[in-house]
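# Notes for the structure review
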Amino acid sequence: MNKLITLLFLFVFSFPVVGQINEVFYQDGKIAERGELLDNLQHGLWEFFYSNGNLKESANWSKGIADGSFKSYYPSGKIKLEGIYQKGSQSGGWKAYYEGGSLNENANWKDNKLEGFFEAFYEDGVKLCNGIFSNDMQEGLWEFFYPSGAIQAKGSFREGRMEENWSFFNDQGKLESKGSYKNGLQDGYFEFFFSDGTLEGKGNFEKGNRIGFWEQFDSKGNSTIRTKYKLNYRSK
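Residues numbered from 1 in each chain as written. Predicted model: local features only at pLDDT ≥ 70, side-chain atom pairs only at ≥ 80, totals over all residues. Heavy atoms only, no water.

### What about the overall build of the protein?
Counting secondary structure elements, the protein contains 1 helix and 19 strands. A buried classification covers 29% of the 236 residues belonging to the protein. In the protein, the proportion of contacts linking residues at least 24 apart, taken out of those at least 6 apart, comes to 5%. Roughly 15,300 Å² of accessible area belongs to the protein as shown, and the carbon and sulfur atoms make up 52% of that amount. (Helix = DSSP H or I, 4+ residues; strand = E, 2+ residues; numbered from the N terminus. Buried < 20%, exposed > 50% of the residue type's maximum accessible area, 1.4 Å probe, protein only. Contact = heavy atoms within 4.5 Å. Areas by Shrake-Rupley, 256 points an atom, 1.4 Å probe, with all protein chains shown as cover.)

In structure tokens:
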């Protein structure tokens, strides 16, 4: 009987601890962080707090790796950022907010890189830009807007650099200029316009520099200036 009691005692008190709650406090006694440790690794829900007592961040962990929902907050308590971690990497849809509550950014992530549709907004809700990310770089058609909502620019990206045809507009939505880009630099034919849409100037760029004949016009369409540009490349 004594042996049985001893074995039972060892079994009960030697059973491994599943997890323990870890808490850290500010000097005034307010909670600073709280969460579970499993084998000395963050596990389950963890929360971090501002010194005013408001929640700063909450995230789910799995054996020391962020895995699950994530939220961060402004000191006022308003939501700042929310999304999902999958095995330590940002994944899926993430949203960032202004402190007033309006949406700042709507983004998609895959393996810690921006991937897919992206849009950003001014604080009053007017769209600032939208486009596609591929492997953390801007790709394909993008559009940018003024705070008024009028189109500011639109064109294509390739591996994060401006490419092919781009158009730029004034704050009234009128076309100001259009032309071609290559590897992020103006390259090819460009045209510039007066606010009423009439041609103001035209010419070609090469690697971001003017080249060849450029011509300027007055508001009535008369040619006023013709200039020839020449590039001088240094030999290596």
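### Points about the environment of Lys127
Mapped onto the fold, Lys127 is located in strand 11 (residues 127-134). You can call Lys127 partly exposed: its relative accessible area is 25%. On a C-alpha basis, the gap between Lys127 and Ile151 in space is 9.8 Å, while along the polypeptide they are 24 residues apart. Discounting residues that sit within four places of it in the chain, Lys127 has contacts with Glu119, Ala120, Phe121, Tyr122, Phe145 and Tyr146.

### Quick word on the layout of surface pockets
Estimates place the volume of the largest pocket at around 170 Å³. Around the largest pocket sit Phe192, Glu200, Gly201, Lys202, Arg210, Trp214, Glu215, Gln216, Ile225, Thr227 and Tyr229, which together line it. The set of elements that each furnish at least two residues to the lining of the largest pocket consists of strand 17 (199-206), strand 18 (209-217) and strand 19 (223-229). Top contributing element to the lining of the largest pocket by residue count: strand 18, with 4 residues. Partitioning the lining of the largest pocket into residue classes produces 4 nonpolar, 3 polar and 4 charged. (1 Å grid on protein atoms, 1.4 Å probe; cavity = no way out; pocket = protein on both sides within 12 Å on 5 of 7 lines; lining within 4 Å. Points joined across faces, edges and corners; volume = space filled by probe spheres on them. Nonpolar A, V, L, I, M, F, W, Y, C, P; charged D, E, K, R; others polar.)

### Observations regarding the confidence of the model for the protein
In regions of low pLDDT, the predicted coordinates are not meant to be interpreted in detail. Put simply, the protein has an average pLDDT of 90, and 89% of its residues get 70 or more. This model gives residues 1-17 a pLDDT under 50, and the stretch forms 0 contacts once residues within four places in sequence are excluded. (pLDDT = per-residue confidence, 0-100.)

### Quick word on the packing of aromatic side chains
In this structure the tally under the stated criterion is 19 aromatic pairs. Summarising the aromatic geometry, the rings of Trp166 and Tyr181 are spaced 6.4 Å apart at their centres and angled 65 degrees between planes, so their arrangement reads as edge-to-face. A residue pair is termed long-range when its members are at least 10 positions apart, and Trp166 in strand 14 (residues 161-169) and Tyr181 in strand 15 (residues 175-182) qualify at 15 residues. Tyr181 matches Trp166 in its accessibility class, with the two residues each being buried. The rings of Phe118, Phe133, Trp142, Phe144, Phe157, Trp166, Phe168, Tyr181, Phe190, Phe192, Phe205 and Trp214 are connected pair by pair, giving a single aromatic cluster. When the ring centre of Trp214 is taken as origin, the NZ or CZ atom of Arg210, which lies over that ring, is 4.1 Å away. The side chain of Arg226 reaches across the aromatic face of Phe213, ending 4.9 Å from its centre. (Phe/Tyr/Trp six-rings, centres within 6.5 Å; stacked < 30°, edge-to-face > 60°. Lys NZ or Arg CZ within 6 Å of the ring centre and 35° of its normal.)

### A closer look at the pairing of strand 16 (residues 185-193)
Sheet topology note: the strand 15/strand 16 ladder contains 5 bridges and is antiparallel. Residue Lys182 lies in a different strand from strand 16, and its bridge partner there is Leu185. Sheet topology note: the strand 16/strand 17 ladder contains 6 bridges and is antiparallel. When the bridges of strand 17 are listed, Phe192 appears paired with Gly201. Connecting strand 16 to the next strand, strand 17, in antiparallel fashion are 5 residues, including Gly197 with a positive phi near 100 degrees. (Pairing = 2+ DSSP bridges.)

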